[in-house]
Amino acid sequence: AQTVTQSQPEMSVQEAETVTLSCTYDTSESDYYLFWYKQPPSRQMILVIRQEAYKQQNATENRFSVNFQKAAKSFSLKISDSQLGDAAMYFCAYTVINYGGSQGNLIFGKGTKLSVKP
Amino acid sequence: DAGVTQSPTHLIKTRGQQVTLRCSPKSGHDTVSWYQQALGQGPQFIFQYYEEEERQRGNFPDRFSGHQFPNYSSELNVNALLLGDSALYLCASSLELRRDQETQYFGPGTRLLVL
């Protein structure tokens, strides 16, 4: 079964500091995508960053970067220079690439609640 | 360019009733997926519609059904509501979910409370 595990229910970081959120996943597939989504209290799920499994280079989006360890099935998110607006639930998600190139459905972890202290 | 929209934003129903939730995808998108997010949990996949047909389905009972219209908008129907159906229902749209396409964009969700 494909599963996504986020072992940190809550995390806290001081404004302007760096924080790392952990995620592990279990799959027998070799071709897949990994994502980090942010869900603020407004409930809208917002894509933070995406990583393709066949790319060895870690994805980066401004202050957000990932550490993708394919052999270990680990996909952590690093937030640098944390801002008050980064406070939200963060979900790690996975989707398989089906034969023919289409993406499957998203499988989410249970989330990590990030608090940012001023 | 409007993003994914969902209606209504909140809904209160009683056990045994039926409910219909609606979703309009982001402009240019043709694939709609529905997710259920219970309180304190990550979203769980219900089903996905493409070209007006259900293409994938998660582990949800037949009480959950859907429809996609020619304009790509979609409805989620839940019959015989149970207390456990109380959740945030998220709609996500994308373009055919191909490898080289952008990933799914989510709407703000519909909060359903079953009493």
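The structure we're discussing is the one just above.
About the cut-offs
Residues numbered from 1 in each chain as written. Chains lettered and ligands numbered in written order. Predicted model: local features only at pLDDT ≥ 70, side-chain atom pairs only at ≥ 80, totals over all residues. Heavy atoms only, no water. Pairing = 2+ DSSP bridges. Helix = DSSP H or I, 4+ residues; strand = E, 2+ residues; numbered from the N terminus. Axes fitted to C-alpha atoms, helices over the stretch in contact; angles between N-to-C directions. Buried < 20%, exposed > 50% of the residue type's maximum accessible area, 1.4 Å probe, protein only. Disulfide = S-S within 2.5 Å. Phe/Tyr/Trp six-rings, centres within 6.5 Å; stacked < 30°, edge-to-face > 60°. Lys NZ or Arg CZ within 6 Å of the ring centre and 35° of its normal. Salt bridge = Lys/Arg side-chain N within 4 Å of Asp/Glu carboxyl O. Contact = heavy atoms within 4.5 Å. Buried area = accessible area lost by both parts, 1.4 Å probe. Core = buried A, V, L, I, M, F, W, Y, C linked by side-chain atoms within 4.5 Å.

*Asks:* I would appreciate a short explanation of the sheet that holds strand S8 (residues 74-78) of chain B in the present structure.
*Replies:* Residues and elements named next belong to chain B. The four strands are arranged S1-S3-S8-S7 in an open sheet whose pairing can be described as antiparallel. The sheet terminates laterally at strand S1 (5-7) and strand S7 (64-68), the two strands that pair on one side only. Here the average twist between neighbouring strands, direction ignored, is 20 degrees. One ladder, built from five bridges, connects S7 with S8; its direction is antiparallel. Bridged to serine 65 within S8 is asparagine 77.

*Asks:* Just checking my understanding: could you explain the side chain of glutamine 48 of chain B for this structure?
*Replies:* By secondary structure assignment, the location of glutamine 48 of chain B is in strand S5 (residues 44-50). Judged by its relative accessible area of 0%, glutamine 48 of chain B falls in the buried class.

*Asks:* Got a minute to help me understand the state of the cysteines in this structure?
*Replies:* Covalently bonding the sulfur atom of one cysteine to the sulfur atom of another cysteine gives a disulfide. Residues and elements named next belong to chain A. According to the stated counting rule, one finds two disulfides over all chains in the structure shown. Here cysteine 23 pairs with cysteine 92 through a disulfide, and the sulfurs are 2.0 Å apart. Disulfide cysteine 23 to cysteine 92: torsion about the S-S bond roughly -70 degrees, handedness left-handed. Of this pair, cysteine 23 sits in the loop between strand S3 (19-21) and strand S4 (24-26) while cysteine 92 is found in strand S10 (residues 88-96), placing the two residues 69 residues apart along the sequence. A single burial state applies to cysteine 23 and to cysteine 92, both of which are buried.

*Asks:* Help me understand the packing of aromatic side chains in this model?
*Replies:* Within this structure, the stated rule accounts for 16 aromatic pairs over all chains. When the centroid spacing of 6.3 Å and the interplanar angle of 80 degrees are considered together, the rings of phenylalanine 68 of chain A and phenylalanine 75 of chain A count as edge-to-face. Using a relative accessible area of 8% as the deciding quantity, one classes phenylalanine 68 of chain A as buried. A relative accessible area of 0% places phenylalanine 75 of chain A in the buried class. Summarising the aromatic geometry, the rings of phenylalanine 108 of chain A and phenylalanine 106 of chain B are spaced 6.2 Å apart at their centres and angled 75 degrees between planes, so their arrangement reads as edge-to-face. One end of the pair, phenylalanine 108 of chain A, is in strand S11 (residues 107-108); the other, phenylalanine 106 of chain B, is in strand S10 (residues 105-106), on a second chain. Per residue, the accessibility class of phenylalanine 108 of chain A equals that of phenylalanine 106 of chain B, and both read buried. Here a set of aromatic residues connected by ring pairs shows up, and it is made of Tyr33, Phe35, Tyr37, Phe91 and Phe108 of chain A together with Tyr35, Phe45 and Phe106 of chain B. One residue, arginine 55 of chain B, lies across the ring of tyrosine 50 of chain B, its end atom 4.4 Å from the ring centre.

*Asks:* Looking at this model, I keep getting lost on the pattern of salt bridges. Mind explaining?
*Replies:* Oppositely charged side chains can pair when the atoms bearing their charge come close. Scanning all chains against the criterion turns up six salt bridges over all chains. Note that lysine 55 of chain A is salt-bridged to glutamate 52 of chain A, the shortest N-O span being 3.1 Å. Here glutamate 52 of chain A falls in the buried class, since its relative accessible area comes to 12%. We note a salt bridge from arginine 57 of chain B to glutamate 54 of chain B, for which the minimum N-O separation is 3.1 Å.

*Asks:* It is not clear to me how the interface of chain B and chain A should be interpreted in this structure. Could you clarify?
*Replies:* By a widespread convention, an interface's size corresponds to the accessible area lost as its parts come together. The partner chain A presents 25 residues to the 25 residues of chain B that form the contact. Together, the buried faces of chain B and chain A total about 2,100 Å²; carbon and sulfur atoms form 44% of this surface. For the pair chain B and chain A, the number of links is zero salt bridges. Taken together, the elements giving at least two residues each to the side of chain B that touches chain A come down to strand S4 (31-37) and strand S9 (87-94) of chain B.

*Asks:* Honestly, the pairing of strand S9 (residues 74-79) of chain A in this entry has me stumped. Any pointers?
*Replies:* Consecutive residues of a regular strand have side chains that alternate between opposite faces of the sheet. Residue and element names in this part refer to chain A. In this structure, S3 lies alongside S9, joined through three bridges in antiparallel fashion. Each residue of the ladder has a partner; that of leucine 21, found in S9, is leucine 77. Direction of pairing for strand S8 (residues 64-69) relative to S9: antiparallel, over a ladder of six bridges. By the bridge assignment, asparagine 67 is partnered in S9 with serine 76.

*Asks:* Would you take a moment to explain the nonpolar core for this structure?
*Replies:* A general tendency of soluble globular proteins is for nonpolar side chains to be buried together. Within the largest apolar cluster, 27 residues are counted, with the highest numbers of intra-cluster contacts made by Tyr25, Trp36, Phe75, Leu77, Tyr90 and Tyr94 of chain A. Among the elements of the structure, S3, strand S5 (32-39), strand S6 (46-52), S8, S9, S10 and strand S12 (112-117) of chain A are those that each provide at least two residues to this core. If near-sequence neighbours (up to four positions away) are discounted, phenylalanine 75 of chain A is found in contact with Cys23, Tyr25, Leu34, Phe35, Trp36, Gln51, Val66, Asn67, Phe68 and Cys92 of chain A. Core analysis: the next-biggest nonpolar cluster, separate from the first, contains 20 residues, Cys23, Val32, Tyr89 and Val114 of chain B among them.

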